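# Summary of the model geometry
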Amino acid sequence: MFAKLAEVERRCEEIDRLLSDPKVVSDRQQYRELTKERGNLGPIVEKYREYLEVRARQEDNRALLEENDPEMRDLVQEELAELAARMEALERELRVLLTPKDPNDDKNILLEIRAGTGGDEAALFAAELFRMYLRYAEGRRWRVEIMSQTTTGIGGIKEVIAAVEGHGAYSVLKYEAGTHRVQRVPVTEGSGRIHTSAVTVAVLPEAEEVEIDIKPEELRIDVFRSSGPGGQSVNTTDSAVRITHLPTGLVVSCQDEKSQHKNKAKGLRILRARLKDRLEAEAAAKRASERKGMVGTGDRSERIRTYNFPQNRVTDHRIGLTIYRLESFMEGDIQEMIDALAAHFQSLALSGGGE
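Overview of the structure. What you see is a predicted model; the values in this text were computed from it and never measured.

Taken together, the side chains of Glu66, Glu67, Asp69, Glu71, Asp74, Glu78 and Glu82 define an acidic patch exposed on the protein surface. Its place among the elements puts Glu82 in helix H4 (residues 70-98).

What follows is the structure in structure tokens.
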């Protein structure tokens with residue numbers, strides 16, 4: 001570990017020299033990449049240097065144990081115990097910092113929410129779940145742009161795709177992917193029976209054009225007239241766009257904008273993210289086919305969480321955490337759950353049980 005830390009420190013010092021070079025500063029791409037790398041390495045180097053400083057103090061104190069003054073030796077022994085505890089804590093923190101980082105963690109995301117089993121009740125809960133994430137994003141001052149949305153007549157959402165832009169959006173929300181189950185008396189019924197419905201959430205890191213190169217000849221683009229609920233026309237021009245990626249068969253439709261150009265641009269953003277997600281999923285399956293049976297893989301097909309309204313609780317089944325304040329949770333107060341999930345999966349990664 002310490003050889004790796006010394007290497008990271010040397011690389012950080014090298015980057016600092018490069019960033020003061022006028023040739024590098026004039027190359028915007030290189031400068032941006034080096035600045036990003038420096039930002040990632042900085043916290044590791046800072047913690048490593050603190051570790052070296054504590055270790056040096058520890059060595060100095062050991063030399064003082066040779067003193068004949070008993071009172072001085074007692075003080076030194078006391079400080080050595082404190083320094084040993086700090087060294088142990090710093091080693092743990094450094095191991096965490098050196099854990100391989102998900103390359104997508106800094107990316108913006110496409111958040112996809114779809115109503116599953118449960119009909120109108122599932123669509124209503126999909127709308128509430130989307131509102132929960134909107135509130136959370138608002139609290140973090142992230143920007144949210146709806147890319148595509150299909151609603152129901154009673155205020156539910158059949159499907160919504162939204163771009164969420166903010167520092168580390170993927171690292172924060174990636175463990176939200178999966179099936180979210182709701183148990184409650186549907187607002188559409190008055191019988192008082194508790195129903196169970198489901199909503200699926202997908203969290204896709206947004207792909208840049210340089211990552212996913214889509215050739216024009218690989219696309220079939222159809223245009224059609226946008227329409228609202230019940231077939232009501234909301235546009236008199238053919239502005240809606242359906243994009244088919246011929247090699248994979250993936251299809252994306254966008255009709256929320258009045259401009260065909262804007263709908264096409266949004267559709268391509270969604271398509272790139274889905275292609276990136278598919279490629280990474282295939283690679284992950286090849287790397288670890290045995291993960292199929294592992295609890296808490298984050299796979300979007302597994303049931304990850306239950307929202308039980310009669311009992312005022314939300315339970316995440318991957319980590320066994322139950323929070324008894326469902327109302328505030330649905331208002332976007334979900335940080336406690338996010339922190340617990342991040343700690344769990346980080347622990348798995350450190351022990352070799354994660355990706």
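Spanning 29 residues, H4 covers 41 Å between terminal C-alpha atoms, matching the ideal 42 Å at 1.5 Å per step. Among the residues of H4, Val76, Leu80, Leu83, Met87, Ala89, Leu90 and Leu94 are the ones counted as buried. Against helix H1 (2-19) and helix H3 (28-64) lie the buried residues of H4.

With that settled, consider the nonpolar core. Leu111, Ile113, Leu129, Tyr133, Leu173 and Tyr307 are the most contacted members of the largest nonpolar core, which has 38 residues in total. Breaking this core down by element, the ones donating at least two residues are strand S1 (109-115), helix H5 (119-139), strand S3 (157-165), helix H6 (169-173), strand S5 (195-205), helix H8 (326-330) and helix H9 (335-351). Every residue in contact with Leu173, bar those within four places of it in the chain, is listed here: Ile109, Tyr133, Tyr136, Trp142, Val203 and Ile338. Counting residues in hydrophobic clusters, the runner-up holds 20 residues, among them Ile161, Ala163, Ile212 and Leu271.

To continue, consider the packing of H3 against H4. It is the contact of H3 with H4, at a shortest axis distance of 9 Å, that shows an interaxial angle of 155°. On the basis of their axis angle, the class for H3 and H4 is roughly antiparallel. Where H3 crosses over H4, the handedness of that crossing is left-handed. Partitioned by chemical class, the residues of the contact of H3 with H4 number 15 nonpolar, two polar and nine charged.

With respect to topology, three strands assemble into an open sheet ordered S6-S7-S8, the strand pairing being antiparallel. With one partner strand each, in any of the chains shown, strand S6 (219-224) and strand S8 (250-254) form the two edges of the open sheet. Taken over all neighbouring pairs, the strand axes of this sheet differ in orientation by 15° on average, direction set aside. The pairing of strand S7 (residues 240-245) with S8 spans five bridges and is classified as antiparallel. Considered in S8, the bridge of Arg242 is made with Ser253.

So, on to the pairing of S3. The pairing of S1 with S3 spans six bridges and is antiparallel. Each bridged residue has a counterpart across the sheet, and for Ile109 the counterpart in S3 is Val164. In this sheet, S3 lies alongside strand S2 (residues 143-151) in antiparallel orientation, the contact comprising eight bridges. Its bridge partner being in S3, Arg143 is matched across the sheet by Glu165. Two successive antiparallel strands, S2 and S3, enclose a turn made up of five residues, where Gly155 displays a positive phi of approximately 95°.

Below, the discussion takes up the packing of aromatic side chains. What the rule picks out here adds up to five aromatic pairs. Measuring from ring centre to ring centre gives 5.2 Å for Phe125 and Tyr307, while their planes differ by 65°; the resulting arrangement is edge-to-face. Of this pair, Phe125 sits in helix H5 while Tyr307 sits in strand S9 (residues 303-308), and the two are 182 residues apart along the sequence. Taken individually, Phe125 and Tyr307 each receive the classification buried, so the pair is uniform in this respect. Ring plane angle 10° and centroid distance 4.2 Å describe the contact between Tyr175 and Phe345, whose orientation is recorded as stacked. A residue pair is termed long-range when its members are at least 10 positions apart, and Tyr175 in the loop between H6 and strand S4 (178-184) and Phe345 in helix H9 qualify at 170 residues. Look at Phe345 and you get buried, because its relative accessible area is 10%. Connected via pairs of aromatic rings, a cluster forms that spans Phe125, Tyr307 and Phe329. Sitting above the plane of the Phe309 ring, Arg184 keeps its charged end 4.8 Å from the centroid.

The subject of this paragraph is the packing of H1 against H3. The contact between H1 and H3 brings their axes to 8 Å, and the two run at 135°. Classed by the angle they form, the pair H1 and H3 counts as oblique. In this structure, the crossing between H1 and H3 has a hand that is left-handed. Of the residues in H3, those in contact with Phe2, Leu5, Ala6, Val8, Glu9, Arg11, Cys12, Glu13, Ile15, Asp16, Leu18 and Leu19 of H1 are Tyr31, Leu34, Thr35, Glu37, Arg38, Leu41, Ile44, Val45, Tyr48, Arg49 and Tyr51. Taken together, the residues of the contact of H1 with H3 break down into 15 nonpolar, one polar and seven charged.

Rules of the game
Residues numbered from 1 in each chain as written. Predicted model: local features only at pLDDT ≥ 70, side-chain atom pairs only at ≥ 80, totals over all residues. Heavy atoms only, no water. Patch = residues over 30% accessible without salt bridge, like charges linked within 9 Å, V, L, I, M, F, W, Y side chains within 5 Å. Areas by Shrake-Rupley, 256 points an atom, 1.4 Å probe, with all protein chains shown as cover. Salt bridge = Lys/Arg side-chain N within 4 Å of Asp/Glu carboxyl O. Lys, Arg positive; Asp, Glu negative; His and termini not counted. Charge placed at Lys NZ, Arg CZ, Asp CG, Glu CD. Helix = DSSP H or I, 4+ residues; strand = E, 2+ residues; numbered from the N terminus. Expected span 1.5 Å × (residues − 1). Buried < 20%, exposed > 50% of the residue type's maximum accessible area, 1.4 Å probe, protein only. Contact = heavy atoms within 4.5 Å. Core = buried A, V, L, I, M, F, W, Y, C linked by side-chain atoms within 4.5 Å. Axes fitted to C-alpha atoms, helices over the stretch in contact; angles between N-to-C directions. Parallel < 35°, antiparallel > 145°, perpendicular 65-115°, else oblique. Left-handed = near helix turned anticlockwise from the far one by under 90°. Nonpolar A, V, L, I, M, F, W, Y, C, P; charged D, E, K, R; others polar. Pairing = 2+ DSSP bridges. Phe/Tyr/Trp six-rings, centres within 6.5 Å; stacked < 30°, edge-to-face > 60°. Lys NZ or Arg CZ within 6 Å of the ring centre and 35° of its normal.

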